[in-house]
Amino acid sequence: MFLRELTMTLDHIKGAGPASIQALTNAGITNVAGLFSRYPRDWEDRTKLVPLKDFKLGTVCTEIRVVAHDWFNAGGSKTLKIFVEDETARGVLICFNRSFMDKQLLVGNQYRLWGNFHYRFGEIQCASFDTEAVTKQTESTGAKQSSFGRILPIYPLSTGLSQGMLRKFIQQALTQYAGNLENEVPEYILSRLKLLSKAESLRALHFPKSLQELEIAKQSLIYEELFYLETLVARRGLERRGLAAKFQPSGTGEPAGKKIYFSEIQKRLVERLPFELTLGQQEAVTDLNRDMDRPYPMARLLQGDVGSGKTLVSFLAVLRTVELGGQAGIMAPTELLARQHAENAARLLEPLGIRLAFLTGNIKASGRAALLKSLLAGEIDAVVGTHALFSRDVGYKNLRLVVIDEQHRFGVVQRQAILAKGEHPHLLMMSATPIPRTLALTVFGDLEISLIRELPPGRKPVRTHLARESNEAKVYDFVRNELSGGRQAYFVYPLIEADINRSLKDAETMAERLAVEIFPHFTVALIHSKLDEEEKRKIMEYFRKGEIQVLVATSVVEVGVDVPNASCMVIEHAERFGLAALHQLRGRVGRGKHQSYCFLVYSDALTEDGKTRLKVMLENSDGFVIAEEDLKLRGPGHIAGIEQSGYLVLGLADPIRDAERLEQARADAFSMLERDPELTQPEHQCVAQALTRQSPFGSSGF
Ligand code: ADP
Ligand code: MG
């Protein structure tokens, strides 16, 4: 049986009474599998003797004799004090609310004692301790197993549960049921990696014989979780590749390898650019070309820090697609960004004869109807837009490439909806919110990854400064100076409009103040999500042309916006923004040849968390490092894109800490499924079963 099949109720466990079953049920434990899955949060090592004199070295674990009882007054109630000694020293047990201990620890008798002692009032004292009588009986009958000389599990408790109760039930359940447990991981992997069987690892996790055994048990269970996860990921990848039979290879059959190559039409675009592509961009395009030459759909994640030039790479992918007779869709998370892409596409792609369209939710009525008609007829080669690209009434003649910009902004459902518009189109996802490699392997495990490591040459790193709110005048002076030199600036606020309940600056009020008091000689404009699209479009256009010098905004400018002449980013109440947002915002400057600056203005009442985030921003410019820091601060569940992807809730495993195990599990899962995609071998039965479970990613992946 597999662990999840141990669904027998708790009354099957010998010695389980109604009261304890109720307590366990209240704690969410209703069957044997649930009991086994209540992992200890810690372990107490009672195997090593620590005499009283060594109390500073750790938890005392020794045999003592009770010397005397005494009573003293603490907070108006009589409290028991017990003097004890072992061969090395004397100590005192303080029994707060445990007056009954005078009947349990009798003067003159020997006991085993376990507790954390401190030096206080001239004595070695302990207020929370555990004891056990030393009698021949306990040792010989075994009726009540001694807890000394063992490593004891410490469970997370809730009302009505005690450590003793959980230990007793889990011990008993292990005796009754662990023997029948089957392994989820194939035996040959377990023996190769010297990991424990499922039954052994559960037993050793709850009641380890030694710390070494505990470690192996943890590693075994961690590996199992990761192996299971990667099996799902691998299956998804192989399913996609399995589509090979349906497709004819489309490309030129370039030989494999890292040699950079571009198609004819791609070369024509590159020749017209006023700059050279970076090596990272060239490699990414080569990766894409090679993918599209293969007989099954591409699934690639293009990662590159803000400003690394991902858009251009995606345009080159669009060119290749159209060259091969297909249509392409480029989807962006905001209308602002979609429009910017559309404008760039018009500038770069139209001259090469690409027929473009722009589609968002705001394009209405007759224009929309005509557009949809030509999309369906194949008279449009590439369409740029928001999620409107996969509205129900939108149809394509031959959608062969889907580009998803800022992919972490979209959920799995949305990604699937757009893919469903074509027959297994190629998928290119782009992200500037870098996902650490280890997480990319878990969550986006069947995607291939291209990484643009460098920024275009000539970019100067953005200089970041922290400023107290009370010093804002200095920041304003600095910005004024930049504006006088012909540059432009962003000011970002956490709120759109004033909120009387909060003493925060807001974009509306500040736009007014900046325009009238602070920068009276410059044009200041306000942009935020509540403006209508036409207004936003105009403002962005004027800002891009330099007719507006100061753009006051909320985080709408966070993603993608590209105005190279802007050299100042001022973020007020910076402590209110998350690291990912701060990094994105800072990435709006430093996009041209001018030295750029980012001012993080914080209010004087900083939380520890806020302080840490600002420090990370001050000390780091690399988006990958910032993402790792974010991960440390917030845990993997919060990394953009993980929630939506239905990321597995892991028990013991931590994909960052256990990165090496993860890679191992991944390699094993892929090679197992590649060798035997049908999983007909008996040794794979367990995995076959695991696979029939609901995939946390949905059935067909992205
Ligand atoms: P991101 O990767 O953040 O999406 P963009 O695609 O918006 O970055 O590009 C940022 C800016 O860099 C754009 O103005 C783009 O034209 C410019 N750019 C892209 N590639 C290069 C290059 N190889 N050399 C110089 N500038 C480039
Ligand atoms: Mg971008």
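Residues numbered from 1 in each chain as written. Chains lettered and ligands numbered in written order. Predicted model: local features only at pLDDT ≥ 70, side-chain atom pairs only at ≥ 80, totals over all residues. Heavy atoms only, no water.

Engineer: Could you give an account of the packing of aromatic side chains, naming the residues involved and the relevant values?
Structural biologist: If you walk through the whole model with that rule in mind, you get seven aromatic pairs. Pairing Phe 478 with Phe 599 gives two aromatic rings, centres 5.3 Å apart and planes at 65 degrees, and the pair type is edge-to-face. With Phe 478 in helix H16 (residues 472–484) and Phe 599 in strand E22 (residues 597–602), this pair connects stretches of sequence that are 121 residues apart. We note Arg 98 situated over the ring of Phe 129; from NZ or CZ to the ring centre the distance is 4.3 Å. The side chain of Lys 168 reaches across the aromatic face of Phe 169, ending 5.4 Å from its centre. (Phe/Tyr/Trp six-rings, centres within 6.5 Å; stacked < 30°, edge-to-face > 60°. Helix = DSSP H or I, 4+ residues; strand = E, 2+ residues; numbered from the N terminus. Lys NZ or Arg CZ within 6 Å of the ring centre and 35° of its normal.)

Engineer: Please give an account of helix H13 (residues 365–377) that cites residues and values.
Structural biologist: For H13, spanning 13 residues, the distance from its first C-alpha to its last is 18 Å, which sits close to the expected 18 Å at 1.5 Å a residue. Looking at the buried side of H13, the elements it contacts are strand E11 (327–331), strand E12 (356–359) and strand E13 (382–385). In the stretch just after H13, Gly 378 is the one whose phi turns positive, near 80 degrees. (Expected span 1.5 Å × (residues − 1). Contact = heavy atoms within 4.5 Å.)

Engineer: Pulling in residues and values, what's your account of the site of ligand 1?
Structural biologist: Close contacts around ligand 1 come from 16 residues, with Gly 307, Lys 310, Thr 311, Arg 459 and Asp 562 the closest. Within the contact set of ligand 1, a nitrogen atom lies 2.9 Å away from a side-chain nitrogen or oxygen of Gln 281. A distance of 2.6 Å separates an oxygen atom of ligand 1 from a polar atom in the side chain of Thr 311. Its atoms largely coinciding with the cavity grid, ligand 1 occupies the largest pocket. Class assignment for the residues of the shell around ligand 1 results in four nonpolar, six polar and six charged. (Near = heavy atom within 4 Å. Polar contact = N/O pair within 3.5 Å; in protein donor to acceptor, adjacent residues only side chain to side chain. 1 Å grid on protein atoms, 1.4 Å probe; cavity = no way out; pocket = protein on both sides within 12 Å on 5 of 7 lines; lining within 4 Å. Sits in = over half its atoms within 2 Å of the grid points. Nonpolar A, V, L, I, M, F, W, Y, C, P; charged D, E, K, R; others polar.)

Engineer: Which residues make up the nonpolar core, and what values go with them?
Structural biologist: If you look at the biggest cluster of nonpolar residues, it comprises 39 residues, and the most contacted ones within it are Leu 269, Val 318, Leu 319, Leu 349, Ile 354, Leu 401 and Leu 428. Broken down by element, this core gets its largest block of residues, eight residues, from helix H11 (residues 310–323). Those residues within four positions of Leu 269 in sequence are excluded, and the remaining contacts are Leu 312, Leu 316, Leu 319, Leu 348, Leu 349 and Leu 352. In terms of nonpolar packing, the next biggest core, distinct from the first, is built from 37 residues, Leu 35, Ile 170, Ala 178 and Leu 214 among them. (Core = buried A, V, L, I, M, F, W, Y, C linked by side-chain atoms within 4.5 Å. Buried < 20%, exposed > 50% of the residue type's maximum accessible area, 1.4 Å probe, protein only.)

Engineer: How would you sum up the sheet that holds strand E5 (residues 110–115)? Please name residues and give values.
Structural biologist: What holds strands together in a sheet is hydrogen bonding between their backbones, with the strands either parallel or antiparallel. The sheet built from seven strands is open, its strands ordered E6-E7-E4-E3-E2-E5-E8 with mixed pairing. With one partner strand each, in any of the chains shown, strand E6 (118–120) and strand E8 (129–133) form the two edges of the open sheet. Going across the sheet, the axis of each strand differs from the next one's by a mean of 45 degrees, ignoring polarity. One ladder, built from six bridges, connects strand E2 (residues 60–74) with E5; its direction is antiparallel. (Pairing = 2+ DSSP bridges. Axes fitted to C-alpha atoms, helices over the stretch in contact; angles between N-to-C directions.)

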